[in-house]
Amino acid sequence: MQGIDTKLSETKTLFKIPSYEWKKVLPLLLMKFLVTLNFCVLFSTKDTLVVTATGAEAIPILKGWIVLPSAFLATLFISKCSNKLSKTRLYYAILLPFMAFFLLYGFVLHPFQEALTPHQSADALASFLGENRQHWVSVYRYWMNSLFFVCAELWGGLAIGMLFWGFANELSQVADARKYYASYSAFGHIATLLTGPVLVFFTQYLAPNDFTLSIRYLMLLCASICIILMAIIHWCERNVLTDSRLYTKEQQQRLKKEKPKLSLFQSLRYLCKSKYLGFLAILVLSYGLAFNMIEVTWKANIKLLYPNPSDYQSFMGVVTSAIGFTALASTIFASITLRYFSWRCTALVTPLIVGITGISFFLAFTEQDLLSSFTTMLGITPLALVVFLGAAQNSLTKAAKYTFFDTSKEIAYIPLDAESKVKGKAAIDVVAARLGKSGSSWIQIILIDVAGAGSVLGITHLLFPFVIITLAMWIYSVFRLGTLFSETQKENSQEEIISEANPLIQKASA
């Protein structure tokens, strides 16, 4: 727990960096800022393109049936490349396809989307599937937007998870991680905070009446960030990894031990062996299920309030900035909670926030008629109140996820043995994290097709019970895991006492 107590002072070390270490820390700070800025721009843009053109009903289809297999294929591609390429060239292999797609979409796919849209075959497919299956047809009809959605989703896992943190782990040692990783995360939150002004500048000022032109500028920004990231990686390879003040020759030549790669079946089997890891997997799965079921309904309401793509994207930019501001503020509260309260209290914050804000959002949506007098006093429409409540829910939930949830999740791995830490984390990443998003999408797709008349808004009353059940399962798992966490810590403490006492006993016996 001593490591937890020092978190509040970790960011202070940013101003006490030895002069020769700046050449390592500054590039990583810039990388984290740029990678996160790209992620936030892509996140807002993908929702704008898909929701305004095809409706929020397309999001569960894309996440459940296209993004998930695409992520597995991308991981397989990276794995194959890693066997043939150096780590630096592997990072280039990640960035170059993204850069090429951004330019292709900005200058070809989006400007000429009308000519590239297969209206004739899509109309034939629509007449065959029926009116209630139009959301399936829209994914095919506007395939260029669907492709952009998949690319934006992949950026989060590949560019942030694999590229940045992989590169940071290459340049950093354990002592560096303790000193500087909190600062890297803070720079990511700053990028999130600045995303709103960036999007407003491109959509409202640089190209106020031309959404296609604003998309072109945004894609140029994203492609330029890829080029800058490759330049930073190249510079660090030449000037940082070769600096004898930072690394010994042995460290420069070290080979990192890779994490074991488990198949889906192996991951499930490994999780079933351990109650501890099983409850931890439920936490991750529950977050994905609850959050995504609420978010899709909210985005469907945003389309009603802001049908114009430029207005939609500007609003999403404001929400993204709010997420960054809230995440920066909640970092302080998360550190205090970790320092003075139990693991269970910290882990309960996120499901409670999701529950309170999510239930408020659902009630506001289903009872808009009862809110009409209240909204009239405020000078807004009931729909606007629903959208703003959803925005607050989204901002608070994501901020809690980035601070309370992620931190408590990582701390839960600490008492485990080395094998459980590595294999358990790999299994949870394969099963729980990916199935959380995809599982919520599958539930929504089935409900939309069976009982929703082809609309997300038509199944909101059916999603509410699923969210309640998920939250109950989540909170129950937090309590059970909190008990196991305390027991495991006590066992480790007793083992440490015994291991320290054994030499003394042997010495006394001799």
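Residues numbered from 1 in each chain as written. Predicted model: local features only at pLDDT ≥ 70, side-chain atom pairs only at ≥ 80, totals over all residues. Heavy atoms only, no water.

1. Overview of the packing of aromatic side chains
One pass over the full model with this rule turns up 20 aromatic pairs. Between Tyr287 and Phe291, the aromatic rings sit 5.6 Å apart at their centres with planes inclined by 5 degrees, giving stacked as the arrangement. Here Phe291 and Tyr287 lie together in helix α14 (residues 275–305), a separation of four residues that amounts to about one turn. Each of the two residues, Tyr287 as well as Phe291, counts as buried. Taken together, a centroid distance of 5.9 Å and an interplanar angle of 90 degrees make the contact between Phe405 and Trp474 edge-to-face. (Phe/Tyr/Trp six-rings, centres within 6.5 Å; stacked < 30°, edge-to-face > 60°. Helix = DSSP H or I, 4+ residues; strand = E, 2+ residues; numbered from the N terminus. Buried < 20%, exposed > 50% of the residue type's maximum accessible area, 1.4 Å probe, protein only.)

2. Brief notes about the environment of Ser310
With respect to the helices and strands, Ser310 occurs in helix α15 (residues 309–340). Taking C-alpha positions, Ser310 is 8.4 Å from Asp210, a pair spaced 100 residues apart along the chain. Every residue in contact with Ser310, bar those within four places of it in the chain, is listed here: Thr203, Gln204 and Phe211. (Contact = heavy atoms within 4.5 Å.)

3. Focus on the packing of helix α3 (residues 22–54) against α15
α15 packs onto α3 with a crossing angle of 145 degrees between their chain directions and a minimal axis gap of 9 Å. Handedness of the crossing formed by α3 with α15: right-handed. Contacts from Cys40, Phe43, Ser44, Thr45, Asp47, Thr48, Val51 and Thr52 in α3 reach Pro309, Tyr312, Gln313, Met316, Gly317 and Thr320 in α15. The residue makeup of the contact of α3 with α15, split by class, is six nonpolar, seven polar and one charged. (Axes fitted to C-alpha atoms, helices over the stretch in contact; angles between N-to-C directions. Left-handed = near helix turned anticlockwise from the far one by under 90°. Nonpolar A, V, L, I, M, F, W, Y, C, P; charged D, E, K, R; others polar.)

4. Quick word on a nonpolar patch on the surface
On the surface, Leu103, Leu104, Phe107, Val108, Phe112, Leu116, Trp143, Leu147 and Leu220 cluster together into a nonpolar patch covering about 720 Å² of accessible area. If one sorts the elements of the nonpolar patch by residue count, helix α5 (residues 87–109) sits on top with four residues. With respect to the helices, strands and loops of the structure, Val108 is situated in helix α5. We classify Val108 as partly exposed; its relative accessible area is 36%. (Patch = residues over 30% accessible without salt bridge, like charges linked within 9 Å, V, L, I, M, F, W, Y side chains within 5 Å. Areas by Shrake-Rupley, 256 points an atom, 1.4 Å probe, with all protein chains shown as cover. Salt bridge = Lys/Arg side-chain N within 4 Å of Asp/Glu carboxyl O.)

5. Brief notes about the side chain of Thr357
Take Thr357: it is sitting in helix α16 (residues 343–366). The buried category is assigned to Thr357, whose relative accessible area is 15%. Not counting chain neighbours up to four residues away, the residues in contact with Thr357 comprise Gln393, Leu396 and Thr397.

6. Notes on the pattern of salt bridges
Enumeration according to the criterion identifies seven salt bridges in this entry. The residue Asp123 makes a salt bridge to Arg141 at a minimum N-O spacing of 3.0 Å. Taken together, the residues Asp123 in helix α7 (residues 119–129) and Arg141 in helix α8 (residues 134–141) connect sequence positions 18 residues apart. The class of Asp123 is partly exposed, set by a relative accessible area of 42%. On the basis of relative accessible area, Arg141 is assigned to the buried category, the value being 12%. Lys398 is the partner of Glu295 in a salt bridge, and the nearest nitrogen-oxygen pair spans 3.8 Å. One end of the pair, Glu295, is in helix α14; the other, Lys398, is in helix α18 (residues 382–412), with 103 residues separating them in the sequence. As far as the burial class goes, Glu295 and Lys398 line up, both buried.

7. Looking at the confidence of the model for the protein
Considering every residue of the protein, the mean pLDDT works out to 79; 79% of them sit at 70 or more. For the stretch residues 1–15, pLDDT sits under 50, and the model shows 22 contacts to residues farther than four places along the chain or on other chains. For the stretch residues 254–259, pLDDT sits under 50, and the model shows eight contacts to residues farther than four places along the chain or on other chains. (pLDDT = per-residue confidence, 0-100.)

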